[in-house]
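An overview of the molecular structure
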Amino acid sequence: MTERSIAYGTFVIERTLPVPPARVFAAWADVKQKAKWFGAPGGDNTPKQFDFRVGGREYNEGEAGGTTFTFDVLYQDIVENERIIYTYDMTMNGARISVSLASVELRAEGSGTRLLVTEHGAYLDGLDNNEQRKEGTIALIGQLEKYLKAA
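Residues numbered from 1 in each chain as written. Predicted model: local features only at pLDDT ≥ 70, side-chain atom pairs only at ≥ 80, totals over all residues. Heavy atoms only, no water.

For the protein, an unreviewed UniProt entry supplies the name SRPBCC family protein and the organism Paradevosia shaoguanensis. Quoted verbatim from the Sequence similarities (unreviewed entry) heading of the UniProt record, the comment on the protein is "Belongs to the AHA1 family." (UniProt positions renumbered as here; feature names shortened; annotations may be inferred.)

See the structure below:
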């Protein structure tokens, strides 16, 4: 029998990006742009579902090293060029590993953008933890930075 547990964690990632908030917002809001940076590097990261609006859903599934992960989002609040707030759960080979609340804040800073990503997670049954999620999110934000600099 699996021992059930919940571990909680919060992290904040801050970056200064060399493009205006509207450009950063578009990279999150446009499915074609998001597929170029969000997910596994070099893979087809087009979500199976992408409805970017309050109450809309994003759903993605991918494989890494023989393990299948899903990312199932519900958009809670969106203010164009300023913020995106969403809840999501992740599964690994069909087992739910976490449920999270995430916010993306965009603040104009000179000709660029101050990006703040905050996540509050409930990590389930020892299958994930706050440090792993933070490392994964840092990698995604790095891919976003690379995409915005190249575009």
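Text resumes after the structure shown.
**Digging into helix α1 (residues 21-29)**
Taken together, the buried positions of α1 are occupied by P21, V24, F25, A27 and W28. Buried residues of α1 fall within an arc of 155° about the axis and therefore sit on the same side. (Buried < 20%, exposed > 50% of the residue type's maximum accessible area, 1.4 Å probe, protein only. Helix = DSSP H or I, 4+ residues; strand = E, 2+ residues; numbered from the N terminus. Arc of directions from axis to C-beta.)

**A short note on the environment of E3**
With respect to the helices, strands and loops of the structure, E3 is situated in the segment before β1 (6-17). Sequence spacing of E3 and L101 is 98 residues, and the spatial spacing of their C-alpha atoms is 24 Å.

**A word on unusual backbone geometry**
Unlike most non-glycine residues, N93 shows phi in positive territory, near 50°. Its location among the elements puts N93 in the loop between β5 (83-92) and β6 (95-109).

**Comments concerning the packing of α1 against helix α3 (residues 130-150)**
Interaxial distance between α1 and α3 falls to 11 Å at its minimum, and their mutual angle equals 120°. One finds that α1 runs oblique with respect to α3. The handedness of the crossing between α1 and α3 is right-handed. Each of R23, V24, A27 and W28 in α1 lies in contact with α3, whose residues at this interface are I141, L144, Y147 and L148. In terms of residue class, the contact of α1 with α3 is built from seven nonpolar, no polar and one charged. (Axes fitted to C-alpha atoms, helices over the stretch in contact; angles between N-to-C directions. Parallel < 35°, antiparallel > 145°, perpendicular 65-115°, else oblique. Left-handed = near helix turned anticlockwise from the far one by under 90°. Contact = heavy atoms within 4.5 Å. Nonpolar A, V, L, I, M, F, W, Y, C, P; charged D, E, K, R; others polar.)

**Concerning the sheet that holds β6**
The strands making up a sheet associate through hydrogen bonds between their backbones, and the pairing can be parallel or antiparallel. Pairing is antiparallel in the open sheet, where seven strands are placed in the order β1-β7-β6-β5-β4-β3-β2. A single partner strand is all that each edge strand has here, and the edge strands are β1 and β2 (49-50). In the sheet, strand β4 (residues 67-79) pairs with β5 via 10 bridges, with the strands oriented antiparallel. Within β5, the position partnered with I78 by the bridge is I84. Sitting on the sheet, α1 touches β1, β2, β4, β5, β6 and β7 (112-124), and the angle it makes with β6 is about 160°. Running over the sheet, α3 touches β1, β5, β6 and β7 and is turned about 20° from β1. (Pairing = 2+ DSSP bridges.)

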